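Spelled out from the first residue to the last, the chains are:
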Amino acid sequence: MDRKDFLKKGLLGTGMFVASASLASAMKNDIDEIEPLEPIGYNHLPNTESKIKENSVIHRADTRGKADHGWLLSQHTFSFANYYNPERMHFGVLRVLNDDKVEAGRGFGTHPHDNMEIISIPLEGDLEHKDSMGNTAVIRSGDIQVMSAGTGIMHSEFNKNSDKLVKFLQIWIYPKKRNVTPRYDQITLDKTKGHNQFQQILSPNADDEGVWIHQDAWFHLGTFEENKETQYQIRKKGNGVYAFILKGSAEIGGEIIEERDGFGVWDIQEITIKTLQEGTEILLMDVPMTL
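Attention in this report is confined to the structure presented alongside it. Throughout, residues of each chain are indexed from 1 in the direction in which the sequence is written. For a predicted model such as this one, the threshold for reporting local features is a pLDDT of at least 70, and the threshold for listing and counting side-chain atom pairs is 80 or more; totals across whole chains, interfaces and linings nevertheless cover every residue. The side-chain values count all of the structure's non-hydrogen atoms but skip hydrogen atoms and water molecules.

1. A look at the overall build of the chain
Stage number 1. Going along the chain from the N terminus, every DSSP run of H or I of four or more residues is numbered as a helix, and every run of E of two or more is numbered as a strand. Summing up its helical and strand segments, the chain has 2 helices and 22 strands in all.
Stage number 2. Sequence-distant contacts, at least 24 apart, represent 73% of the contacts inside the chain between residues at least 6 apart.
Stage number 3. Per element, the accessible surface of the chain, about 13100 Å² overall, is 45% carbon and sulfur. A contact between two residues is defined here by any heavy atoms of the two lying within 4.5 Å. For the area figures, the Shrake-Rupley method with a 1.4 Å probe applies, and any residue is considered shielded solely by the protein chains shown.

2. A word on the side chain of Glu 281
Stage number 1. The topology assignment puts Glu 281 in strand β22 (residues 280-288).
Stage number 2. Here Glu 281 is buried and forms no salt bridge, its nearest opposite-charge partner Lys 247 lying at an N-O distance of 4.1 Å.
Stage number 3. Residue contacts for Glu 281: discarding those within four places in its chain leaves Leu 221, Gly 222, Thr 223, Phe 244, Ile 245, Leu 246 and Lys 247. Partly exposed describes any residue whose relative accessible area lies between the buried limit of under 20% and the exposed limit of over 50%, with all areas from a 1.4 Å probe on protein chains only and scaled to the type maximum. When charges are tallied, Lys and Arg are placed among the positive residues and Asp and Glu among the negative ones, while His and the ends of the chain are skipped. One speaks of a salt bridge when a side-chain nitrogen belonging to Lys or Arg is within 4 Å of a carboxyl oxygen belonging to Asp or Glu.

3. Overview of the sheet that holds strand β19 (residues 255-257)
Stage number 1. Note on pairing: DSSP must find at least two bridges between two strands before they are called paired. Here we have 4 strands laid out as an open sheet, ordered β16-β21-β18-β19, and antiparallel in their pairing. Of all strands in the sheet, those bounded by a partner on one side alone are β16 (229-233) and β19. Put simply, the sheet's adjacent strands are angled 30° from each other on average, direction ignored.
Stage number 2. The sheet contact formed by β16 and strand β21 (residues 270-275) spans 5 bridges and is antiparallel. In the strand pairing of β21, Thr 230 is matched with Ile 273. To get an axis, fit a line to the C-alpha atoms, keeping to the stretch in contact for a helix; angles then go from 0 to 180 degrees between the N-to-C directions.

4. Here we look at the pairing of strand β2 (residues 65-68)
For a regular strand, side-chain orientation follows a simple rule: the groups alternate between the two sheet faces.
Stage number 1. Every second residue of β2 is oriented toward a common face, the buried set being Gly 65 and Ala 67 and the non-buried set Lys 66 and Asp 68.
Stage number 2. Where β2 meets strand β3 (residues 72-76), 4 bridges bridge the pair, whose relative direction is antiparallel. What sits directly across from Gly 65, in β3, is His 76.
Stage number 3. Where β2 folds back on β3, the antiparallel hairpin that results is connected by 3 residues, among which Gly 70 adopts a positive phi of roughly 85°.

5. Comments concerning the pattern of salt bridges
Stage number 1. Evaluation of the coordinates by the stated rule reveals 8 salt bridges.
Stage number 2. Notably, a salt bridge pairs Asp 261 with Arg 60, separated by 2.8 Å at the nearest N-O pair. Placement of the pair is Asp 261 in the loop between β19 and β20 (262-265) and Arg 60 in the loop between β1 (56-59) and β2, with a sequence separation of 201 residues.
Stage number 3. Judged by its relative accessible area of 4%, Asp 261 is buried.
Stage number 4. Take Arg 60: its relative accessible area is 30%, and that puts it in the partly exposed class.
Stage number 5. One salt bridge connects Asp 126 with Arg 140, and the closest N-O pair in it is separated by 3.0 Å. Here the residue Asp 126 occupies a position in strand β7 (residues 126-131), and Arg 140 occupies one in strand β8 (residues 136-140), the gap between them amounting to 14 residues.

6. Here we look at the packing of aromatic side chains
Stage number 1. Only centres within 6.5 Å qualify two rings of Phe, Tyr or Trp (six-membered ring in Trp) as a pair; their planes then separate them into stacked at under 30 degrees, edge-to-face at over 60, and tilted for everything else. Within the structure shown, the criterion is met by 8 aromatic pairs.
Stage number 2. On the basis of an interplanar angle of 80° and a centroid distance of 5.4 Å, the ring pair of Trp 71 and Phe 108 is categorised as edge-to-face. Here the residue Trp 71 occupies a position in the loop between β2 and β3, and Phe 108 occupies one in strand β5 (residues 107-113), the gap between them amounting to 37 residues.
Stage number 3. According to the relative accessible area criterion, Trp 71 is buried, its value standing at 15%.
Stage number 4. Overall, the relative accessible area of 4% leaves Phe 108 in the buried class.
Stage number 5. Here the aromatic rings of Phe 198 and Tyr 232 are separated by 6.4 Å at their centres, their planes lie at 80°, and the arrangement is edge-to-face. Placement of the pair is Phe 198 in the loop between β12 (183-188) and β13 (199-203) and Tyr 232 in strand β16, with a sequence separation of 34 residues.

So, in structure tokens, the structure goes:
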């Protein structure tokens, strides 16, 4: 598939399950879905006037889209819902990276998706999940949740607690296979494996470490001491890597990346990451740059 076809297929995708009119009316959710978008260019490429290397891009924390719904404060690295930025549509198949805070006792009502790999990484608090496959579960910091929406799934996510926030990352990845059977999974990570090294938390292989998705993507998490230098090898030729700093700061590709900044790079085989603060926590997303 060439770039033009990838854009048309990827950017016009809504990630929504098209329900009947009655269902759509009953389950309308005006904050959680992507509106259809016109093809606008292969926009993971950086601004040519930037001083950043031509094969990398930086998304600073304070440049993200923001949505404050009272019960939900969400910051969007890429265009989502009412936040639209033609230079922030996706990084390869990485379509959504939302940094969400949900007030006590509140949450996302039942709503539909299709043909999207949806990953949730809780950072604080307890998030209760229910879906149309009959799954009911609670995820907490140290867990990772995955849904393959496939032919269509409906779910809800609520803050289970009445006295504290839930904070979590919501990540959407375009799948390499459409209309698969919907599935749900979650695991609890052994955080000791992520001390001063990158722990794999997601891959394309159901028998590998972490959860799995229908895409040639690998996610890693790590928490590092100050001045720790680590080499990361790209897992598949043609993939790029997007680093999101959860805590602290790091030097990546010669750039200083601060808390909640994102840094993406492609056309490389490996990258050197040096942490600059004690307890720096980094999420690495190794993803195809085309379908």
